[in-house]
Structure formats: structure tokens, C-alpha cells
Amino acid sequence: MLVIAVILALNIVVVALLSNKSVQKSLISYGENWLRERTNTELSLGYIGFDLLNGFFVEGLYVEDQQGDTLLFADRIKADINLHALLNINNLKIKKVELDDFVAHIHKETDSSAFNFQFLIDAFASDEPKEKKPQADPFAMTIKSVVLKNGRVTYDVRSAEETPDLFNASHIDCSNLCLDASFALSPKGAIEVEVEALSLSEKSGLRVENLELEATLENDKLSLPSLALSLPKSQL
């Protein structure tokens, strides 16, 4: 009970501090500078906020890749995490992750090249050799709701041949991307994904009106218990 009271008090203090413009400005400046130094790239944050007892949100996130091109822009990113999730970090339960009005450009030079976001993975990877530690408790995570709204995602293998007006897996450009899904990682490492709704339009003219599926990845084996695909003139 005391721990919950302390977390509640901290939430109230954080929300109150972030409502102060000078605190908000200092926090954004610190965050931007730290991330720029860590990733060696240009980025900006518009606003950082906390919802009392319901997690945090970021507005106006912009990240460039190392060529100076847009990697990600998101008008708003929000994560809702309840108090119990913070009390049991080995079984993390997130109520909702939401990404609104976003653009993501993913590319690589050749099929064997690294993606343009690899530098972010490298930046946050530890350079220190891993020490042998006692076996930790199994980790599990559940995200009850993953919501993407009004997104555009491109994927481009720059050396691959273009095929104008035809769908090309090496040059994908999806717009009006909307997703409603859930995600779960079990203590044994199995991944379960349930897509309740997915819709998008691709530059070739392909339009997915709705996709519903259940998928499980366990021991390198993928199973699809259910899949329903709706296109403008056909269904699967």
C-alpha cells in the first residue's frame, strides 16, 4: 500500500512539474541533446507529457537517419501503463500503445545491406562485455492494444529494379495505414499477435480493406490459426 501511495505521489509531482513551461522546455532540450549525442543524428521533440496513472505521451517526434533523410515523424506517441505494471517488471503489462499521424521511411542500399535504422540499435547496444549473471526470472510482456492511425510506411531496397504500377516487395509505399492489434510475449519466449483490424493503400493500387489474423511464433515455428483478408473485389 505504501509503494502504491509513493508511486501515486510521484505521478502527481511529475504531472505538476511538466505543466510548467520552463520545466518542459528544459526537459525537451536535455532529451534532444542526450539523444543527439547518443545516436549522432538530428532529432526533435515537440512535447513530453504524463497522464496521471496512465503512462506518458510524446508529441512532434522527428528523427533523421544518418543520410539526413526522414526516418520517423510521429505527431503523437502514447503508452498507457498501469501501476501494477511498474510493480512487476518481469511481467510487464501495458494497456495501450498508440501512434498517430506518423511517417516512417525504411530503406537499405542492397538486400544484404543494413537498414537505415541500424545505427539506432547500435547506439543503444552496450559496448561492455556481458558478464555471466545468475539466471534471471523469465520475462513476459503483454500489450493489450496496439493502435496505429493514419500512418505512412515506405520500404525501399535502392539497388532493386523498379516496376512502375506493379506491386514490388522491394519498393513498398503504404499510406492510410491503420492497425488495431494486441501482442504477448510468454515467459518461454513464444510471441502471440492478434490483429483485429488492418487497412492500408499501397502505391501500386493494392488496397487492403481489412486484415484479421492470429499468429504465434514459437521455437522458430510460425502458425496462423486464423486469417481473413478483405480486398475491394475479393476475400480470403
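These figures come from a predicted structure and were not determined experimentally.

**Section: the pairing of strand 6 (residues 140-157)**
Working note: regular strand, side chains alternate between the two faces of the sheet. Relative to strand 6, strand 5 (residues 91-108) runs parallel, the two being bridged by 15 bridges. Of the residues in strand 6, the one forming a bridge with His105 is Thr154. Judged from the eleven bridges that link them, strand 6 and strand 7 (residues 171-185) form a sheet pairing that is antiparallel. Pairing of Tyr155 across the sheet is with Ile172, part of strand 7.

**Concerning a negative patch on the surface**
Residues Glu192, Glu194, Glu196, Glu212, Glu214 and Glu218 make up a contiguous surface patch of negative charge. Elements supplying a minimum of two residues to the negative patch: strand 8 (191-202) and strand 10 (210-218). Position of Glu212 relative to the elements: it lies in strand 10. For Glu212, a relative accessible area of 40% corresponds to the partly exposed category.

**What to know about the nonpolar core**
Among the nonpolar cores identified, the biggest contains 15 residues, and Phe102, Leu179, Val195, Leu198 and Leu200 are the most heavily contacted of them. Put simply, the parts of the chain that give this core at least two residues each are strand 5, strand 7, strand 8 and strand 10. With four residues, strand 7 is the single largest residue contributor to this core. Here Leu179 is in contact with Val146, Val147, Leu148, Val195, Ala197 and Leu198, once residues within four sequence places are set aside. Counting residues in hydrophobic clusters, the runner-up holds nine residues, among them Ile48, Val58, Val63 and Phe119.

**What about the packing of aromatic side chains?**
Under the definition given, this model contains four aromatic pairs. When the ring of Tyr47 is compared with that of Phe57, the centres are 5.9 Å apart and the planes differ by 25°; the resulting orientation is stacked. Linking Tyr47 in strand 2 (residues 47-50) with Phe57 in strand 3 (residues 56-64), this pair joins segments that are ten residues apart in sequence. Overall, Phe57 belongs to the buried group, its relative accessible area being 9%. Considering the side-chain rings of Phe115 and Phe117, the 5.1 Å spacing of their centres and the 5° angle between planes classify their relative orientation as stacked. Looking at Phe115, the relative accessible area reads 29%, which means it is partly exposed.

**Observations regarding the pattern of salt bridges**
Taken as a whole and judged by the stated rule, the model has ten salt bridges. Across the pair Asp69 and Arg158 runs a salt bridge whose closest N-O atoms are separated by 3.6 Å. Pair noted here: Asp69 is in the loop between strand 3 and strand 4 (70-81) and Arg158 is in the loop between strand 6 and strand 7, with a separation of 89 residues, a long-range link. Residue classification places Arg158 among the partly exposed positions, given a relative accessible area of 38%. The shortest N-O distance in the salt bridge between Arg152 and Asp173 comes to 2.7 Å. Residue Arg152 is found in strand 6, and its partner Asp173 is found in strand 7; the two are separated by 21 residues along the sequence. A relative accessible area of 17% means that Asp173 is categorised as buried. Taken together, the shared-partner salt bridges in this structure form one network comprising Glu32, Arg36 and Glu42.

Rules used in this analysis
Residues numbered from 1 in each chain as written. Predicted model: local features only at pLDDT ≥ 70, side-chain atom pairs only at ≥ 80, totals over all residues. Heavy atoms only, no water. Pairing = 2+ DSSP bridges. Helix = DSSP H or I, 4+ residues; strand = E, 2+ residues; numbered from the N terminus. Patch = residues over 30% accessible without salt bridge, like charges linked within 9 Å, V, L, I, M, F, W, Y side chains within 5 Å. Areas by Shrake-Rupley, 256 points an atom, 1.4 Å probe, with all protein chains shown as cover. Salt bridge = Lys/Arg side-chain N within 4 Å of Asp/Glu carboxyl O. Lys, Arg positive; Asp, Glu negative; His and termini not counted. Charge placed at Lys NZ, Arg CZ, Asp CG, Glu CD. Buried < 20%, exposed > 50% of the residue type's maximum accessible area, 1.4 Å probe, protein only. Core = buried A, V, L, I, M, F, W, Y, C linked by side-chain atoms within 4.5 Å. Contact = heavy atoms within 4.5 Å. Phe/Tyr/Trp six-rings, centres within 6.5 Å; stacked < 30°, edge-to-face > 60°.

The values reported here are purely geometric and, on their own, carry no functional implication.
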